[in-house]
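Residue-level structural notes
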Amino acid sequence: MNKNRSLSYYVTGVMALFVMAPSHSVAFQESFTHAPSGLSLNTEMGGLKMVKKMSYRDERLGVSYLYKDRNSNICSLYIYHAGYKDIKDGVKSKPVSQQFNNARIEIKSMANQGRYKLLSEVSTRKKRIKTKSGTIRYLWAMFEFEAYARARESHLLITARNGHFIKVRCTYLLDNATEGRKIFGKFSKDLSTALLRSSK
């Protein structure tokens, strides 16, 4: 397993824990800046509030933020560079494609480890999120799986901005998919607006 694949595996493992594990609410200001990238983000996006921040000892792994509500709707946001230099904005570069494919493979590995059951990759393609300020392009995949005896639907988004990879994982209960999809759409739009607002 190569170095970048190992880094991606570690981040994806933490991602899986964020998707499945409960957390306690933490008080944050309304907005904050990720200093290494200069990205200015909100502590509430898509109706979800940020409840946890995790900084990794290995600076290549960057930082992650957990957003959630009381109805098991969860979005995890990761900002990192994985040791790459001069990462190009958008989704056309090879490093972005590699990060996306690694994440897909390693999400599937969660099933092999028994963390997810009945895992299925439903769809994968490029996705454009339009906002009043412009458009952000992502690589997108959608999965269905079972965890804690409940069926879930989960979205993976990856793009690059300001020299960093932006990775999002949004998960909700499948029997609440109508609300969950709306939250995912709003979260991704709010995030895209923030990325455009703070682009270098």
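Structure shown above.
Sequence order sets the numbering: in each chain, residues are counted from 1 along the sequence as written. Predicted model: local features are reported for residues with pLDDT of at least 70 only, side-chain atom pairs are reported and counted for 80 or more only, and whole-chain, interface and lining totals are derived from all residues. Only hydrogens and water are set aside when side-chain values are computed; all heavy atoms of the structure are taken into account.

1. What to know about the environment of L196
- Relative to the helices and strands, L196 is located in helix α3 (residues 177-197).
- Distance in space between the C-alpha atoms of L196 and T135 is 8.1 Å, their sequence separation being 61 residues.
- Ignoring anything within four residues of it in the chain, the contact list for L196 reads T131, S133, G134, T135, I136 and R161. Secondary structure elements are defined from DSSP: runs of H or I of at least 4 residues count as helices, runs of E of at least 2 residues count as strands, and each element is numbered from the N terminus. By the convention used here, residues are in contact when the closest approach between their heavy atoms is within 4.5 Å.

2. Structural notes on the packing of aromatic side chains
- Paired rings are identified among Phe, Tyr and Trp, the last through its six-membered ring, by centres lying within 6.5 Å, and are further divided according to the angle between planes into stacked (under 30 degrees), edge-to-face (over 60) and tilted (the rest). All told, the structure shown has five aromatic pairs when counted by the stated rule.
- Both rings, one in Y67 and one in F187, keep their centres 5.2 Å apart while their planes meet at 75°; by these two values the pair is edge-to-face. On the criterion of sequence distance, the pair formed by Y67 in strand β5 (residues 63-68) and F187 in helix α3 is long-range, its members being 120 residues apart. For the pair formed by Y67 and F187, the shared burial category is buried.
- With centroids separated by 5.6 Å and ring planes inclined at 85°, the aromatic side chains of Y84 and F165 adopt a geometry described as edge-to-face. Remark: F165 occurs in strand β10 (residues 164-173) and Y84 occurs in the loop between β6 (74-80) and α2 (94-112); sequence separation between them is 81 residues.
- Taken together, the ring pairs in this structure connect Y80, Y84 and F165 into an aromatic cluster. Residue burial is assigned from relative accessible area. The probe radius is 1.4 Å, only protein chains are included, and a residue is buried under 20% of its type maximum, exposed over 50%, and partly exposed in between.

3. Observations regarding the state of the cysteines
- Cysteine sulfur atoms that come within 2.5 Å of each other are treated as a disulfide pair. Counted according to the given criterion, the structure contains one disulfide.
- Across a sulfur-sulfur distance of 2.0 Å, C75 and C170 are joined as a disulfide pair. Taking the torsion about the S-S bond as the criterion, the C75 to C170 disulfide, at about 115°, is right-handed. One end of the pair, C75, is in strand β6; the other, C170, is in strand β10, with 95 residues separating them in the sequence. Just as C75 is buried, C170 falls in that class too.

4. A look at unusual backbone geometry
- Even without glycine at this site, D86 takes up a positive phi of about 55°.
- By secondary structure assignment, the location of D86 is in the loop between β6 and α2.
- Residue Y148 is not a glycine yet carries a positive backbone phi of 50°.

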